[in-house]
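Chain residues, written in single-letter form:
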Amino acid sequence: MGFKFEKLKVWQKAVDLAGDVAELTKTFPRDELFILSAQIKRAADSVSLNIAEGSTGQSNAEFSKFLGYALRSNVEVVGCLYLGQKRNLINQQDLSKIYAQCEEILVMLNGLKNSLK
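Rules used in this analysis
Residues numbered from 1 in each chain as written. Predicted model: local features only at pLDDT ≥ 70, side-chain atom pairs only at ≥ 80, totals over all residues. Heavy atoms only, no water. Phe/Tyr/Trp six-rings, centres within 6.5 Å; stacked < 30°, edge-to-face > 60°. Buried < 20%, exposed > 50% of the residue type's maximum accessible area, 1.4 Å probe, protein only. Axes fitted to C-alpha atoms, helices over the stretch in contact; angles between N-to-C directions. Helix = DSSP H or I, 4+ residues; strand = E, 2+ residues; numbered from the N terminus. Parallel < 35°, antiparallel > 145°, perpendicular 65-115°, else oblique. Left-handed = near helix turned anticlockwise from the far one by under 90°. Contact = heavy atoms within 4.5 Å. Nonpolar A, V, L, I, M, F, W, Y, C, P; charged D, E, K, R; others polar.

A.B. asks: What exactly am I supposed to notice about the packing of aromatic side chains here?
C.D. replies: Each aromatic ring pair is summarised here by two numbers: the centre-to-centre distance and the angle between the ring planes. Under the criterion given, the structure shown has 4 aromatic pairs. Between Phe3 and Phe5, the ring centres sit 5.7 Å apart and the planes meet at 25 degrees, which makes this aromatic pair stacked. Each ring, one from Phe5 and one from Trp11, has its centre 4.9 Å from the other, and the planes form 65 degrees; the classification is edge-to-face. Here Phe5 matches Trp11 in class, with each residue buried. Each residue in the set Phe3, Phe5 and Trp11 is aromatic and connected to the rest through ring pairs, giving one cluster.

Structure (structure tokens):
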């Protein structure tokens, strides 16, 4: 592993989250393709991408800023989950699974952010 972020467990979990969200959206109807499906996938992808971008060659303050962006994207995924459930696109089991991943990532991001102070 040649990049710092690849060793971070939170980044690895964020990549798993993005994969699970991508799989979930395959079940969405075609009319959601450019609406909620695209939004939740972008938000999930953004979690790992911001961790990666902020970790490489940045100061701790800059890295912390990008972790904040990742945190916000993680919360956006949760918001999208509820919209999907309200639209009968996401069942309770899928919501609970991805919600739990987001909770774990939230704790890890906050821990990493606090360690940079």
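A.B. asks: How should I be thinking about the packing of helix H1 (residues 9-25) against helix H4 (residues 92-115) in this particular structure?
C.D. replies: A pair of packed helices is captured by two measures, namely the crossing angle of their axes and the spacing between those axes. With their axes 10 Å apart at the nearest point, H1 and H4 run at an angle of 155 degrees to one another. Our classification of the angle between H1 and H4 gives roughly antiparallel. Crossing geometry of H1 relative to H4 is assigned as left-handed. Mapping the contact onto sequence places Lys9, Val10, Lys13, Ala14, Asp16, Leu17, Asp20, Val21 and Leu24 in H1 and Asp94, Lys97, Ile98, Gln101, Cys102, Glu104, Ile105, Met108, Leu109 and Leu112 in H4. Looking at the contact of H1 with H4, its residues break down into 11 nonpolar, 1 polar and 7 charged.

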